[in-house]
Each structure stands twice: as C-alpha cells, then as structure tokens.
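# Working through the structure, step by step
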Amino acid sequence: MKSEIIQILNNKNTIKVITCIHLIITIIIWFQLSKNPEKYNNYSVFRSSYFHLVQGKDLYIEYPSEHSDVFLYNPVFSILFAPFSLLPVKFGLLCWLLFNTWIILFSIKKIELTKAKTTLIYFLLFFGLSTNIRYCQSNSLIAALMIFSFVSFEKNENFKSSLFSVLGFCIKGVGGIVGLLFINYSNKWKIVLNAIILTFVISLLPGLFVGFDNLIIIYKSWFDVIIGSNIIEHVSLAGFCEVVLGWSNCEIPILIFGAFLLITFIISQWFRSNELDFDSRFVSLIFLLIWIVLFNRASESATYFIGLLALYLWFVDTSKSRINICIFIFAFIIIAILPSDLAPKILKNIQKNYVLKPVALLPVLLSIYYNEINLSLRKYFQFGNAK
C-alpha cells in the first residue's frame, strides 16, 4: 500500500491533475464570491487603492461608498496591483484569485524537493488553500515571494533573491524578513547592497504617479497606520496571551521573546553558515514563515495560511517521529480543519474564541529552534575541544 501511494505521488500526471483541481476550485469560489461585493471586499480595497493613488487621494482613510475596510499596505502595492485594478471588476477578481492559486503552487514546485514531496504538499493544500482564496487577500503572494527568494538564494542568484525580498516588504512589510536568509550564503554584502538599492528604487515608484513631494506625505500616513492600534487583530501569540490568559499589555514582552528567538536562531545559522546543508537552510525559511505569523501584531485568521503552508513544508521534510507526527496532526486540525466547512460550528467557535491557531504553530517553531540551536551548540563545543 505504501509503495503504491509513493508511486502515485511520483507520477508526473498526479501533480497536473491536482493543479487543475485547485484551479477549478478557485473558479468555483470566484463564481460564489462575484455574486455579492461584500464577499470580495478585500479585493475592492486593493483595487480602489490604485485609483485613489493616481487621483492624489489619501490611501489610508475610509471610503464607505466603495468598501468597508481601510487600505493598510505599502503604497507600492497600489502600483503593483494596477494590472488587476484596470480590468473590469469581476474579471479582475477572477484573475486575482487564479493568480494567487497559481503562484503559490508554482513557487512550491521551484523548491528542490522530490516529486513525491511536492505532490504531497499540493494534496495537503486541498486543506487550507481554498479557505485562503475566499479571503481575496495577498497571503499566497507573500508566501510565494518568500519561497522565490529562498530558491534564488539556493541558486546564487543574488539580484533575484534581493528583489523578491524587497517586493515582499513593499507589499506587506513582514514579507521582507526572508532577506535574513542572506546570512546562510556567500556574497553577503552584495546581497545587502542589492536589497538597499532595490528598496530605494521600488519605494519611489508611487512618486511617478503622485509626485515625490506628495510621496513623503503618503509614506508618513502609511507609517502612522502601521504603528497604530487599528492593525492589531488579536490572532497572534500576543493575542492568545491577552484574550485567553488575560495577560494585558503583553505585546512588548511577547515581541521581546520573539526577537530573542529570531536573533539567536539567525546567529546560530550564521555560525554554521559554511556547512549548512539544504535541510537546515530550508528549515530556516520555514522558521521565518512561522515567525512572521506568530509575532506579527497584524496577524489575522487569513494570515495563518502562511503558517499552514510552513507546517506542510516542515512535515514533508522532517523526520516522521511520533512527536513530530503528533505536532503536525494537532496543528493540522486546529489551522486547516476547524476553520473549514468540515468542522461543526461549535468546534469552529472554540478554535476562534480561544485563539488556538498560534498555540498550534508554536510547537513547530520551537521544534525547529531546538534542533537547529542544538546542532550549532554541538559544533561550538567541537570547535572548542579542537582548540
């Protein structure tokens, strides 16, 4: 039975069939959403932002006659969204949904995994991708850009790796964190220099439409928004501590904890950078994908698609020990099953009211952290003994 499953996963036609099914599901979702503008409100926010920008309007105020939310993204995203904004509304929505489905599948295929592992991830995405697509958000795109950056790092394509990192930042700030992977590769200063230049150039793009004097005002408005309290969604680890544990004013201590994990993890990877194998470099990407979800004050339910994808990437590449299988099943049920139509309403409400998603992902992050830090410590002590 096991050999038959592996044979199916290795069949080149299997991944094509799964891809087609994902795209068909996306079209069905578009058909459902397109009947009611309220259901694709997020798309309306993105679409309108381009017109507001070129008309010289404030991007970061409410436009209740157009949509029921506020644009919170980098001004650059308004320009990048132009190809969809300029299309008729419903056709643009269809293209946006199909693009998000295609780009995440395409990015996964670019990772140097075996055909069986890639196919398994495609299959697992039946649980989570369609739910994410319904939100009409950019999480698939952010995850894909982070993966593209990793793949470019692996191929020593320094310019591309920097470009994808900067695009991730210029769409949804936290996406730029993938640039920290540069510590695992050679030509570190060249990568950093590329990133600085690209950030400067791409950040100026909106100025071509509104003038560079107005651009400063727009960026100030954006900065005021991202440091304000309006973006706090209470679905991060800090949200769990506040809502469930009753720990008020916990945001700063949790961020300090997250910063400690991130900094020590990056340092440990840098210490072994000359001898990191693919698995350790790959798991660094997974660590960052999870970290930006757990410690991002703006994380919302839809953001956990990035964490769910990281869970799938981790599971197919990690050892299948009992503890890892238990961690995976627990996280899979909480993040993929309970928010879907497969779960009864009472369980959905429990998952939502008790903010269980960060609790489900934290063991994965800590497992990666422990394993990689342990390897670095072993190398350190071996180095000390050699002296």
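In this report, the structure presented in the accompanying data block is examined. (Residues numbered from 1 in each chain as written. Predicted model: local features only at pLDDT ≥ 70, side-chain atom pairs only at ≥ 80, totals over all residues. Heavy atoms only, no water.)

This next bit is on the nonpolar core. Of all hydrophobic cores here, the largest spans 123 residues; its most connected members are Trp96, Ile104 and Phe287. Tallying contributions element by element places helix 16 (residues 278–294) first for this core, with 13 residues. What phenylalanine 287 contacts, discounting residues up to four positions off in sequence, is Leu261, Leu262, Phe265, Leu365, Ile368 and Tyr369. (Core = buried A, V, L, I, M, F, W, Y, C linked by side-chain atoms within 4.5 Å. Buried < 20%, exposed > 50% of the residue type's maximum accessible area, 1.4 Å probe, protein only. Helix = DSSP H or I, 4+ residues; strand = E, 2+ residues; numbered from the N terminus. Contact = heavy atoms within 4.5 Å.)

In this section: the layout of surface pockets. In this model, the second largest pocket occupies a volume close to 450 Å³. Together, 17 residues line the second largest pocket, and Thr131, Arg134, Pro339, Ser340 and Asp341 are the ones closest to its centre. Within the residue set of the lining of the second largest pocket, elements represented by two or more residues are helix 2 (12–33) and helix 8 (129–134). Here the residues of the lining of the second largest pocket sort into eight nonpolar, six polar and three charged. (1 Å grid on protein atoms, 1.4 Å probe; cavity = no way out; pocket = protein on both sides within 12 Å on 5 of 7 lines; lining within 4 Å. Points joined across faces, edges and corners; volume = space filled by probe spheres on them. Nonpolar A, V, L, I, M, F, W, Y, C, P; charged D, E, K, R; others polar.)

Attention shifts here to a nonpolar patch on the surface. Residues Val243, Val244, Leu245, Trp247, Ile346, Leu347, Ile350 and Tyr354 make up a contiguous nonpolar surface patch of about 730 Å² in total accessible area. Element by element, the count of residues in the nonpolar patch is highest for helix 19 (residues 345–353), at three residues. Position of leucine 245 relative to the elements: it lies in the loop between helix 14 (237–243) and helix 15 (251–271). Taking relative accessible area as the criterion, leucine 245 reaches 54% and is therefore assigned exposed. (Patch = residues over 30% accessible without salt bridge, like charges linked within 9 Å, V, L, I, M, F, W, Y side chains within 5 Å. Areas by Shrake-Rupley, 256 points an atom, 1.4 Å probe, with all protein chains shown as cover. Salt bridge = Lys/Arg side-chain N within 4 Å of Asp/Glu carboxyl O.)

Now for the pattern of salt bridges. In total, this model carries five salt bridges according to the counting rule given. One salt bridge connects aspartate 317 with lysine 117, and the closest N-O pair in it is separated by 3.1 Å. On the criterion of sequence distance, the pair formed by aspartate 317 in helix 17 (residues 304–317) and lysine 117 in helix 7 (residues 115–124) is long-range, its members being 200 residues apart. A salt bridge links aspartate 224 to lysine 220; its shortest N-O distance comes to 3.4 Å. Of this pair, aspartate 224 and lysine 220 are both found in helix 13 (residues 212–226), four residues apart, which corresponds to roughly one turn of the helix. You can call aspartate 224 partly exposed: its relative accessible area is 40%. Take lysine 220: its relative accessible area is 54%, and that puts it in the exposed class.

Below, the discussion takes up the packing of helix 2 against helix 7. Between helix 2 and helix 7, the least distance of the axes is 10 Å, while the angle of their chain directions is 20 degrees. Taken together, the axis directions place helix 2 and helix 7 in an arrangement best described as roughly parallel. When you trace helix 2 past helix 7, the crossing you get is left-handed. Here Lys12, Thr14, Ile15, Ile18, Thr19 and His22 of helix 2 come into contact with helix 7, specifically with Lys115, Thr118, Thr119, Tyr122 and Phe123. Classifying every residue of the contact of helix 2 with helix 7 gives four nonpolar, five polar and two charged. (Axes fitted to C-alpha atoms, helices over the stretch in contact; angles between N-to-C directions. Parallel < 35°, antiparallel > 145°, perpendicular 65-115°, else oblique. Left-handed = near helix turned anticlockwise from the far one by under 90°.)

Together, Lys12, Lys16, Lys109, Lys110, Lys115 and Lys155 give the surface a local cluster of positive charge. Looking at the positive patch, the elements that each hand over two or more residues are helix 2 and helix 6 (89–110). Tracing the chain through its elements places lysine 110 in helix 6. On the basis of relative accessibility, which here comes to 36%, the residue lysine 110 falls in the partly exposed class. (Lys, Arg positive; Asp, Glu negative; His and termini not counted. Charge placed at Lys NZ, Arg CZ, Asp CG, Glu CD.)

By themselves these figures say nothing about function.
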